[in-house]
Amino acid sequence: MAPPPRDRPTRLCLPLPRGHPPLRIASNRVAVQADSTVAEASARLFEAGEDVGTWTGSVLWDAGEVLARYLTTLPAPFWPRARCVELGCGAGLVGLTAVALGAAHCRITDQAVHLARWNADQNFSGQQRGRAVLSALRWGDAEAIAGVRSSGPFDLVLGADILYDRASHGALAETIAALCTQHTVLLLSTQDGAPAD
């Protein structure tokens, strides 16, 4: 798998409707420079054999912005009761958008959530921050899936740019199936051509 391109944006300011303040999301490169705890978490990933330079969650991707902007078009009455889960959150843009729009609860997951946690802390406080629950989740891990499912049932399962690795599709499908009910809406956003390329 090729590393993320260096020309990806390092910051995104997403305007939100209905008088909500804009959501400000930073890449790992920005967060590492701003906060030593993010730098330490990134170093631990590297020490564990994960090259942070190739960690796809360390940058901001177009599909995440597209899905986040789509969420802003959902009617305001939907959000106060909405329970969401984001899979493969990376910087947390999609799940944090749901929280900013008023979701009652959003479980924001990835194998590493330090960057999404930092972005949540930069944007929210108090009760609003409490609605963003971040947790590590490796797709296909039955115990971790059960922990996430305990926050359900979910109205929305969200994922942006999570189909890029064909080898993970089976575990991802298993995870999605475990988190959905017959009433759950699955919203995925991916780049053109994926997962074919």
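What counts and how
Residues numbered from 1 in each chain as written. Predicted model: local features only at pLDDT ≥ 70, side-chain atom pairs only at ≥ 80, totals over all residues. Heavy atoms only, no water. pLDDT = per-residue confidence, 0-100. Helix = DSSP H or I, 4+ residues; strand = E, 2+ residues; numbered from the N terminus. Buried < 20%, exposed > 50% of the residue type's maximum accessible area, 1.4 Å probe, protein only. Lys, Arg positive; Asp, Glu negative; His and termini not counted. Salt bridge = Lys/Arg side-chain N within 4 Å of Asp/Glu carboxyl O. Polar contact = N/O pair within 3.5 Å; in protein donor to acceptor, adjacent residues only side chain to side chain. Contact = heavy atoms within 4.5 Å. Pairing = 2+ DSSP bridges. Right-handed = clockwise from strand over helix to strand, strands pointing away. Axes fitted to C-alpha atoms, helices over the stretch in contact; angles between N-to-C directions.

1. Considering the confidence of the model for the chain
Next up, step 1: Scored by pLDDT, the chain comes out at a mean of 86, with 81% of its residues at no less than 70.
Next up, step 2: The spread of mean pLDDT over the elements of the chain runs between helix H2 (residues 36-47), the lowest at 68, and strand S3 (residues 83-87), the highest at 98.

2. Some words on the side chain of Glu86
Next up, step 1: Summarising the element assignment, Glu86 is placed in strand S3.
Next up, step 2: Buried charge without a salt bridge: Glu86, with Arg107 as the nearest opposite-charge side chain at an N-O distance of 12 Å.
Next up, step 3: Here the side chain of Glu86 touches Gly95 through a polar contact of 2.7 Å, landing on its backbone nitrogen.
Next up, step 4: Those residues in contact with Glu86 that lie beyond four places of it in its chain are Gly92, Val94, Gly95, Arg107, Ile108, Thr109 and Leu158.

3. Structural notes on the pairing of strand S7 (residues 185-189)
Next up, step 1: Of the strand pairs in this sheet, strand S6 (residues 156-160) and S7 are connected by five bridges, and their pairing is parallel. Residue Leu156 lies in a different strand from S7, and its bridge partner there is Val185.
Next up, step 2: Once the chain exits S6 it traverses helix H8 (residues 169-179) before rejoining the sheet at S7, and the crossover so formed is right-handed.

4. A look at the sheet that holds S6
Next up, step 1: A sheet is described by the order of its strands in space; here five strands give the open sequence S5-S4-S3-S6-S7, paired in parallel fashion. The sheet is open, and its two edges are formed by strand S5 (132-136) and S7, each paired on a single side. On average, each strand axis in the sheet is tilted by 20° relative to the strand beside it, whichever way the strands run.
Next up, step 2: Its contacts with the sheet put helix H4 (residues 93-100) on S3, strand S4 (105-110), S5 and S6, and the angle it makes with S4 is roughly 170°.
Next up, step 3: The strands touched by helix H7 (residues 142-149) within the sheet are S3, S4 and S5, with S4 carrying the most contacts at an inclination of about 160°.

5. Side note on the pattern of salt bridges
Next up, step 1: All chains considered together, the criterion is met by two salt bridges.
Next up, step 2: Between Glu65 and Arg69 there is a salt bridge, and its shortest N-O distance comes to 2.8 Å. Residue Glu65 and its partner Arg69 are located together in helix H3 (residues 62-71), separated by four residues, close to a single helical turn.
Next up, step 3: Across the pair Asp121 and Arg129 runs a salt bridge whose closest N-O atoms are separated by 2.7 Å.

6. A few points about unusual backbone geometry
With the exception of glycine, the majority of residues adopt a negative phi angle, and the majority of peptide bonds are in the trans configuration.
Next up, step 1: A cis amide bond links Gly152 to the next residue, Pro153, at an omega of 0°.
Next up, step 2: Unlike most non-glycine residues, Asp161 shows phi in positive territory, near 55°.
Next up, step 3: Along the chain, Asp161 falls in the loop between S6 and H8.

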